[in-house]
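In case you want the letters, here they are:
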Amino acid sequence: MMKQSNLLAIVTCALGLAALSPSAMAEQLLEQQCASCHALQAEDYASSTVQERAERKAPPLYYAGNKFRPEWLVQWLQKPERIRPAGYFPAAHTVPGPDGDVVDSDSLPEHISLSAADAELASAALMKLTPYTDKLDAVDYEVGNISWRMGNLNFGKFNGCDACHRDAPDYGGLSGPELYSAWDRLQPKFIASFITDPVAWDPHTLMPANDLNQAAVQKLSDYLKVNGEDE
Amino acid sequence: MRYALVTLAVSALTAVSAHSWAADAEAGKQLYQIYCTQCHGINGDGKGINIPDMSVLPRDHTDTSEMSARSDEELIKAIKHGGKAVNKSVLMPAWDKNLSDEQVDDLVAYLRHICCDK
């Protein structure tokens, strides 16, 4: 009797799964495997104290569809490589050393990787999360070119972006996401919009909101393109 | 004996509240940890994880003589408007869009604490 009802439960369950639409399956996958670390629903960070940022486990994904290039997402989820050399909250992965602080690499966990099929499903679901399309529409950025030298001066000497970001695998700061891969990862308008006003994307961002005019943002975004295509 | 303990606890409490900076510096410490340690170091000694490729090193905020030579106004200006505003390096960012005036005051209280309350 007991056995039979178990069997029944299994059969119903299998049928139930098979009946799930791909998008429902994708939502279930995100909920079960990703939501413990990533915000998948809009967060009102500004209403919490900044301590919230120190406790966040991972970058928010609730605006993933306004941020990432879908083809990058599908690849990365199958073979994730570190983007932030010091993790999502650098102070938690930093230890003092004889010549200054160093990143405690052993404390940085490997990211979960997905099968090709699951990566497709997850990416499709993430790309539907687009609450900030208005922010992208508001930015005045036409993809263009800049000489690498001029762009590099803007990124380094004039604006100090290299203090926190690497624009080459072996050059730059460690506390921000690597940017030599930014053009492959991110939508051009997201790049321009985030540089213009990072606080609008995340009130507790660790990136300072420099007062950059549109021409400066244009040059910096174009540099990330030219530099990224070089790599 | 119990009475003595109570007196002790009460006087400890008064001692804390007598220093009105205590609460601010505590909030400042948390802000410093989140925003500033990436360059100024987890101990405030100017040796954060970002320094290997930096052409100008971040100020050592535990350096008593240098830090005593700055007025609160100078520190506030540097934090809010960046190194450029005080004729220093652009590598010191402007934080006025990220932080409220109150948070900047908390940070200054914390800087005063780590530089000079030895």
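Residues numbered from 1 in each chain as written. Chains lettered and ligands numbered in written order. Predicted model: local features only at pLDDT ≥ 70, side-chain atom pairs only at ≥ 80, totals over all residues. Heavy atoms only, no water.

By the naming in an unreviewed UniProt entry, chain B goes by Cytochrome c and is assigned to Sediminihaliea albiluteola.

Peer 1: How do you make sense of the packing of helix 9 (residues 188-196) of chain A against helix 11 (residues 214-230) of chain A when you look at a structure like this?
Peer 2: Packed helices, taken two at a time, are described by their axes: the angle between them and the distance between them. Residue and element names in this part refer to chain A. One can describe the packing of helix 9 onto helix 11 by two numbers: an axis separation of 9 Å at closest approach and a directional angle of 135°. When the axis of helix 9 is compared with that of helix 11, the two are oblique. The handedness of the crossing between helix 9 and helix 11 comes out as right-handed. In contact with I191, A192, I195 and T196 of helix 9, helix 11 contributes V217, L220, S221 and L224. Of the residues belonging to the contact of helix 9 with helix 11, the class tally is 6 nonpolar, 2 polar and no charged. (Axes fitted to C-alpha atoms, helices over the stretch in contact; angles between N-to-C directions. Helix = DSSP H or I, 4+ residues; strand = E, 2+ residues; numbered from the N terminus. Parallel < 35°, antiparallel > 145°, perpendicular 65-115°, else oblique. Left-handed = near helix turned anticlockwise from the far one by under 90°. Contact = heavy atoms within 4.5 Å. Nonpolar A, V, L, I, M, F, W, Y, C, P; charged D, E, K, R; others polar.)

Peer 1: What is the right way to read the side chain of N159 of chain A from this model?
Peer 2: As for its placement among the helices and strands, N159 of chain A is situated in the loop between helix 7 (148-158) and strand 3 (166-168). Overall, the relative accessible area of 19% leaves N159 of chain A in the buried class. In this structure N159 of chain A touches N154, L212 and L220 of chain A together with V90 of chain B, once residues within four positions along its chain are discounted. (Buried < 20%, exposed > 50% of the residue type's maximum accessible area, 1.4 Å probe, protein only.)

Peer 1: Just to check I follow, could you spell out the environment of V103 of chain A for this structure?
Peer 2: By secondary structure assignment, the location of V103 of chain A is in strand 2 (residues 100-103). Distance from V103 of chain A to S175 of chain A, taken between C-alpha atoms, is 9.4 Å for residues 72 residues apart in sequence. Apart from residues no more than four positions distant in its own chain, V103 of chain A is found in contact with P85, A86, H93, L108 and L174 of chain A together with I49 of chain B.

Peer 1: I'm lost on the state of the cysteines in this one. Help?
Peer 2: Here, disulfide denotes a covalent bond that connects the sulfur atoms of two cysteines. One pass over the structure, following the stated rule, counts 1 disulfide over all chains. The cysteine C36 of chain B is free of any disulfide, with C39 of chain B supplying the nearest cysteine sulfur at 9.0 Å. (Disulfide = S-S within 2.5 Å.)

Peer 1: Looking at this structure, how should I read helix 4 (residues 72-81) of chain B?
Peer 2: Residue pairs spaced three or four apart in an α-helix point in one direction, given the helix's 3.6 residues per turn. Residue and element names in this part refer to chain B. Buried within helix 4 are the following residues: L75, A78, I79 and K80. Lining the buried residues of helix 4 we find helix 3 (64-68) and helix 5 (101-116). Backbone geometry just after helix 4 places G82 at a positive phi near 85°.

Peer 1: Looking at this model, I keep getting lost on helix 2 (residues 22-33) of chain A. Mind explaining?
Peer 2: Residue and element names in this part refer to chain A. Counted at 1.5 Å a residue, the expected span for helix 2 with its 12 residues is 16 Å, and the 16 Å between its end C-alpha atoms agrees. The complete set of buried residues in helix 2 reads A26, L29 and L30. Seen end-on, helix 2 carries its buried residues on one side only, within an arc spanning 95°. In helix 2, the exposed residues that point more than 90 degrees away from the buried face are E27 and Q32. In this structure, the buried side of helix 2 is in contact with helix 5 (116-127). (Expected span 1.5 Å × (residues − 1). Arc of directions from axis to C-beta.)

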